[in-house]
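Spelled out, the chains give:
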Amino acid sequence: MIKYKTREEIELIRQSALIVSKTLGLMASKIQPGVTPLQLDALAEEFIRDQGAEPGFLGLYDYPNTIITSVNEQVVHGIPTDRPLEDGDVVGVDIGAKMNGFYGDHAYTFEVGEVDPKTKKLLEVTKECLDLGIAQVKKGNRMGDLSYAIQQHAEKNGYGVVRELVGHGLGREMHESPEVPNFGKRGRGPLFRDGLVIAIEPMINMGTKNVKQLSDGWTIITADKQPSAHFEHDVAFIDGKAEVLSTFNYIEEALAKVNA
């Protein structure tokens, strides 16, 4: 059952989402060759707690860390390790935070040093998929319209769209109804209604759409070991249109300073 939110509840979700946004901005300022995902994890936990929030993922379903770091062929749910990031890697960082009883949850795939043009294109297209999905969250549309827009753009560029993992509703629980697939048919699924809050998160692979899970019980990788990208925003449906509760502004500001 979909739990539609009041304006007040949406504002609380926005506060949690923006803590995640700021934490991702911190990650953007630190990610470089030689840094380990475990170092990033420690920084993120300290920062989230300093904001008066709790790490949203730590202990959720017994997950052992604060952030998720998915490197190269890892699609999602990568557990932070002490293996240093290397020049040319890409790393998807997914973060959750909980404050005032509500969750925020979003993600960004970062370039580490100099990334090859083919992989850069994958990241660009996946980010475009997210924007195209958000653009379909409007009056009269259904979930399938969002899903179709993401799938079409990814496949038009020759990429695989992961089927086993989807976006989700967001609120007092990290994962609520409805599911938000990145593939589907127009005109299908739940109609968008005021008070809906969802996490839209395209997971797009360079090659095959097929994935498999590693023996750690968490990490999902591409079946062909080619890179994957993951971008995610928290989106509310208010007065017949989408309002993005999270932001990439902190990330973009940090990257501009790093690259200056």
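Our subject in this report is the structure included herewith. None of these values were measured; they are calculated from a predicted model. Starting afresh in each chain, residues are numbered from 1 along the sequence in its written order. For a predicted model such as this one, the threshold for reporting local features is a pLDDT of at least 70, and the threshold for listing and counting side-chain atom pairs is 80 or more; totals across whole chains, interfaces and linings nevertheless cover every residue. Each side-chain value is derived from all of the structure's non-hydrogen atoms; neither hydrogens nor water enter the calculation.

Moving on, we come to the sheet that holds strand β10 (residues 203–205). Here 3 strands make up an open sheet; going across it, the order is β6-β10-β13 and the pairing antiparallel. Strands with a single pairing partner mark the edges of an open sheet, and in this sheet they are β6 (160–161) and β13 (228–230). DSSP bridges decide pairing: two strands pair if at least two such bridges lie between them. A run of DSSP states H or I qualifies as a helix once it reaches four residues; a run of E qualifies as a strand once it reaches two. Both are numbered from the N-terminal end. Pairing of β10 with β13, which is carried by 3 bridges, proceeds in the antiparallel orientation. Looking across to β13, one finds that Asn205 is bridged to Ser228. Residue contacts follow a heavy-atom distance rule, with two residues in contact if any of their heavy atoms lie within 4.5 Å. Helix axes are fitted only over the stretch in contact, all axes being lines through C-alpha atoms; the angle between N-to-C directions runs from 0 to 180 degrees. In this fold helix α3 (residues 117–135) packs onto β10 and β13, with an angle of close to 35° to the strand it touches most, β13.

Attention shifts here to the environment of Gln32. Summarising the element assignment, Gln32 is placed in the loop between α1 (7–30) and α2 (37–50). Taking the relative accessible area as the measure of exposure, Gln32 reaches 46% and is therefore partly exposed. Apart from the residues lying within four places of it in its own chain, the contact partners of Gln32 are Leu85 and Val112. To sort residues, take the accessible area from a 1.4 Å probe on protein chains only and compare it with the maximum for the residue type: under 20% means buried, over 50% means exposed, and anything in between is partly exposed.

As a further point, take the side chain of His233. By the element assignment, His233 lies in strand β14 (residues 233–238). Whenever a nitrogen or oxygen atom comes within 3.5 Å of another N or O atom, the pair is scored as a polar contact, on the condition that within protein one atom can donate a hydrogen and the other can accept it, and that pairs from neighbouring residues in sequence are kept only if both atoms are in side chains. Looking at His233, its side chain comes within polar contact range of the side chain of Ser246, at 2.7 Å. Not counting residues within four places of it along the chain, the set of residues in contact with His233 comprises His106, Leu130, Ile134, Ile198, Ala199, Ile200, Val244, Ser246, Thr247 and Phe248.

The next thing to look at is the pairing of strand β8 (residues 176–180). Where strand β7 (residues 167–169) and β8 come together, 3 bridges link them in antiparallel fashion. Note that in β8 the partner of Gly167 across the bridge is Val180.

Successive residues of a regular strand alternate their side chains across the two faces of the sheet. Of all 10 residues in strand β5 (residues 102–111), 9 are buried; the element is thus mostly enclosed. Where strand β4 (residues 90–99) lies against β5, 10 bridges are found, and the strand directions are antiparallel. Across the sheet, the residue bridging to Ala97 is Gly104, located in β5. Hairpin remark: β4 followed by β5, antiparallel, with 2 residues in the connecting loop; positive phi at Asn100, about 55°.

Every definition here rests on a 1 Å grid over the protein atoms only: cavities are sets of points where a 1.4 Å probe fits but cannot get out, pockets are open sets enclosed by protein on both sides within 12 Å along at least five of seven lines, and lining residues have some atom within 4 Å of a point. Grid points are joined across faces, edges and corners, and a volume is the space filled by probe spheres set on the points. Counted under the stated rule, the structure contains 1 cavity of 30 Å³ or more. The calculated volume of the largest cavity comes to roughly 30 Å³. Lining the largest cavity are Ile68, Ser70, Val75, Val76, His77, Gly92, Val93, Asp94 and His230. If you list the elements that add at least two residues to the lining of the largest cavity, you get β2 (67–71), β3 (74–76) and β4. Broken down by element, the lining of the largest cavity gets its largest block of residues, 3 residues, from β4. Gly counts as polar in this scheme, as do all residues outside two lists: the nonpolar Ala, Val, Leu, Ile, Met, Phe, Trp, Tyr, Cys and Pro, and the charged Asp, Glu, Lys and Arg. For the lining of the largest cavity, the residue count by class is 4 nonpolar, 4 polar and 1 charged.

With that settled, consider helix α4 (residues 143–156). A helix's residues, less one, multiplied by 1.5 Å, set its expected span. Taking 1.5 Å per residue as the helical rise, α4 with its 14 residues ought to reach 20 Å, and the 20 Å between its terminal C-alpha atoms agrees with that figure. For α4, the buried fraction is high: 10 of the 14 residues fall into the buried class. Of the residues making up α4, those classed as buried are Met143, Gly144, Asp145, Leu146, Ser147, Ala149, Ile150, Gln151, His153 and Ala154. Where α4 is buried, its residues meet α3, β6, β8, β9 (197–200) and β10. Residue Gly158 follows α4 closely and has a positive phi angle near 85°.

Another aspect to go through is the pattern of salt bridges. Opposite charge on two side chains makes pairing possible when the charged atoms of those side chains draw close. We count a salt bridge whenever a side-chain nitrogen from Lys or Arg sits within 4 Å of a carboxyl oxygen from Asp or Glu. Overall, the coordinates contain 10 salt bridges when judged by the stated rule. Residues Glu243 and Arg14 are paired through a salt bridge, measuring 2.6 Å at the closest nitrogen-oxygen approach. On the criterion of sequence distance, the pair formed by Glu243 in strand β15 (residues 241–244) and Arg14 in helix α1 is long-range, its members being 229 residues apart. For Glu243, a relative accessible area of 31% corresponds to the partly exposed category. Between Arg83 and Asp89 there is a salt bridge; the shortest N-O distance is 3.4 Å. What makes Arg83 partly exposed here is its relative accessible area of 36%.

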